[in-house]
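Listed here are the chains, written in short residue letters.
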Amino acid sequence: MSTDEAHGQISNALVEPPDSLNAPPHLSAPRELPAETPAEAGEHDTLKYHLLGPSLTKAGQDAVDQQKVSEIIYNASKGSKFFNNEEVKDRNLTEKINRILALKRQLERTDLTSDLRRAEDYILELELTRDLTQTIVHIDCDAFYAAVEELDRPELRDVPMAVGKGVLTTCNYHARKFGCRSGMAGFVAMKLCPQLICLPLNFDKYNAKAKEVRTILATYDPRFESASIDEAYLNITEYCNEHHMDPEEVVSQLRAEVHEKTKITVSAGIAANAKLAKIASNRNKPNGQYRIASDRSTIMEFTRNLPTRKVNGVGRVFERELDAIGIKTCGNIYTHRAYLSKLFGEKAFQFLMQCYLGLGRTKIQPAEEYERKSVGTESTFPELSGKTELREKLRHIAEELEKDLERTQHKGRTLVLKVKLHTFEVLTRQSSPPKAVHLSEDLYRYALPMLTKLEKEIPNMKLRLMGLRVTHIVSIKKGGIDFFGLKSRAASSRGGTPVPKSESGANADDGEWEVWPEAEFEEAARQEREDEMNELEALSQEHQQLQEQEENGASLEAPLDRQVRKPPSPKIEENLNEKEELWDCPICSLPQPADNKIFNSHIDFCLSRQTIKDVVKSTSSPTPTMRLIPRPQSSSNSMPAKRKRGRPRNDGVALEPQAAKRKPFFS
DNA sequence: GCGGATCAC
DNA sequence: TATGGTGATCCGC
């Protein structure tokens, strides 16, 4: 394989037919704007698109004339400080994208063979983790706050209405027809829809209603996961089995029951994992459901034409960056696999590969089981300046934070001060007090130096927001003992220290699997392993063939691929011979090279053999009696030195108004 | 570890 | 007149 060949194939692969399907208008083809130069037109277009806000294109806004809406928002915003800041951010992003494009052109002139090989290996590794045995449901209440308000005031059902002052938190579907959406400034929304009725927020009411909904969800999956006040994930695998019902029947029934008992309509997505279920729940919104069948080809077909923006974790910025290099859909990702890691980083690469393959977590668990990592508070106010005024504000914020820390029973070892200047520019400063803090006096005392330092850096500092947050938190639950009589989790071991092998499988905190095969089946298991190895080979071949069919430039890519692709098992054996120290695999008991990455790959491989079997059979096989449930995020660095990836949780008390955020990658 | 940035809701 | 709050994660340095 010569450099030229690799270069030629990659380049050719990048030439794609114009694909404006579902793409944001300005991102696909340049429009005619007579009064402006093309450069200006392009810039304004990206800015206008950005101004449409973050919630666009996630759900359908099809009936709205986005062009017109965009103009109104643009004109309403033009000249404001907010707008100017957005303009700055937009320019910076454009520059960043230009750097990405330059880097891409440079990479295309180099030999990408080994990068392509790495990507291929990773795809195969991921393929091994595919678990199609679970039925995951994502439940999403339709325009939740607005719907709750309509219950109290039915006359609002027929008029455009929004909840939230200053900024809309949500709005009903009448308002959406005018282009109103959550996150939009109130006065902009009024420009779009002068008759819009705005109601103040009433969290107590929403929380009470959310509780009613959750009570019903719990009867379908007692371990369901609240993702936010109005969203939840359920694993209904067991429910389906026990009631001998189809997933779609179950979800129809669930939705009917929720509607009947709470008068709230919900949309639902049904799929093999949380990521797909989430996307699916947007498909037939409002008051609908959509199922993505749990077989590989259906999933690959689904992601092929799926706009990247539909995926949780791809926002306005990442969408633009991906679009710039020619990726509009998850299917497009494959073409660019060789250099994604170098363009966007390793994490983004792994995330994108999972998007392409339609992979996601299958582990659903109560939100309380996720470990909180910080507690903070912030607030916006009319422009403020002056030493005493700012100190007064800081004092107040510190008092607020103390309350939150008391409520959640935490102290923090690190203190983060956040300010937003009157220009909307955001700055943060952090420091580590000599001890963990939670009292407002201490919070204030240790935050003040950061504030005064900022005042020196920025003469005549004018603020519109101030916030305080503690990280590296420690739990101060009474006696340091929690309900299970275990030592407080927040204080338990963390960081990069590798967990000794003997403990790694018994760590209840990580709950990697639910069933462990008994030793007595060893001989039978050994035989099975051989069979499965063969099946794996078959799958590898099938994957290769499918890729070639799915890719437009398949004929050009094929020769390269055939040389590069190979199943991971030989690689592991190669390395096995080179190393002296060996670790025993806890699953197959065979010695493995004492290398974190290789060892992890091997364990992933072992864990997913059952999954592979299911894939290969690809028929609806009954659940095996001894089923291994693979870890949801099977990345190469996950086994011995697993990085803790906590998720936000709801505190026991009145639910967080806007809780539970999703991490950008690896959801 | 720090500060900026992105993302979800 | 005028664009949110809470929490998480990733990247470059």
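The coordinates are above.
Residues numbered from 1 in each chain as written. Chains lettered and ligands numbered in written order. Predicted model: local features only at pLDDT ≥ 70, side-chain atom pairs only at ≥ 80, totals over all residues.

Some thoughts on unusual backbone geometry
Glycine aside, a negative phi is what most residues show, and trans is what most peptide bonds show.
Then, number 1: Between lysine 285 and the following residue, proline 286, the backbone shows a cis peptide bond with an omega angle of -5 degrees.
Then, number 2: Positioned with a positive phi, lysine 263 is a non-glycine residue whose angle comes to about 65 degrees.
Then, number 3: Accessibility expressed as a C-beta count within 10 Å gives 13 for lysine 263, which makes it partly exposed.
Then, number 4: Look at phenylalanine 424: it is not a glycine, yet its phi comes out positive at around 80 degrees.
Then, number 5: As for its placement among the helices and strands, phenylalanine 424 is situated in the loop between strand S10 (410-421) and strand S11 (426-431).
Then, number 6: Exposure remark for phenylalanine 424: the 17 C-beta atoms within 10 Å place this residue in the partly exposed category. (Buried ≥ 20, exposed ≤ 12 C-beta atoms within 10 Å, placed from the backbone. Helix = DSSP H or I, 4+ residues; strand = E, 2+ residues; numbered from the N terminus.)

Quick notes on the sheet that holds strand S2 (residues 161-163)
Then, number 1: Strand order in the open sheet made by the three strands is S3-S2-S4, with mixed pairing throughout. Only two strands of the sheet have a single neighbouring strand rather than two, namely strand S3 (170-171) and strand S4 (197-199).
Then, number 2: Pairing analysis gives three bridges linking S2 to S4, with the strands arranged parallel. Bridging from a neighbouring strand, methionine 161 pairs with isoleucine 197 of S4.
Then, number 3: This element, helix H7 (residues 144-152), spans S2, S3 and S4 of the sheet and lies at about 115 degrees to S2. (Pairing = 2+ DSSP bridges. Contact = placed C-beta atoms within 7 Å. Axes fitted to C-alpha atoms, helices over the stretch in contact; angles between N-to-C directions.)

Things to note about the pairing of strand S5 (residues 225-228)
Then, number 1: Relative to strand S6 (residues 231-235), S5 runs antiparallel, the two sharing three bridges. Within S6, the residue paired with serine 228 across the bridge is glutamate 231.
Then, number 2: Between the end of S5 and the start of S6, which pair antiparallel, lie two residues.

Some thoughts on the sheet that holds strand S12 (residues 463-475)
Then, number 1: The antiparallel open sheet is built from four strands, whose spatial order is S9-S12-S10-S11. In this open sheet, the two strands that pair with only one neighbour each are strand S9 (374-384) and S11. With direction set aside, neighbouring strand axes in the sheet form an average angle of 20 degrees.
Then, number 2: Each of S9, S10 and S12 is contacted by helix H18 (residues 387-408), which is oriented at about 150 degrees to S9, the strand it contacts most.
Then, number 3: Docked against the sheet, helix H19 (residues 440-457) engages S10, S11 and S12, running at close to 30 degrees with respect to S10.

The quantities given are spatial measurements derived from coordinates; they are silent on function.
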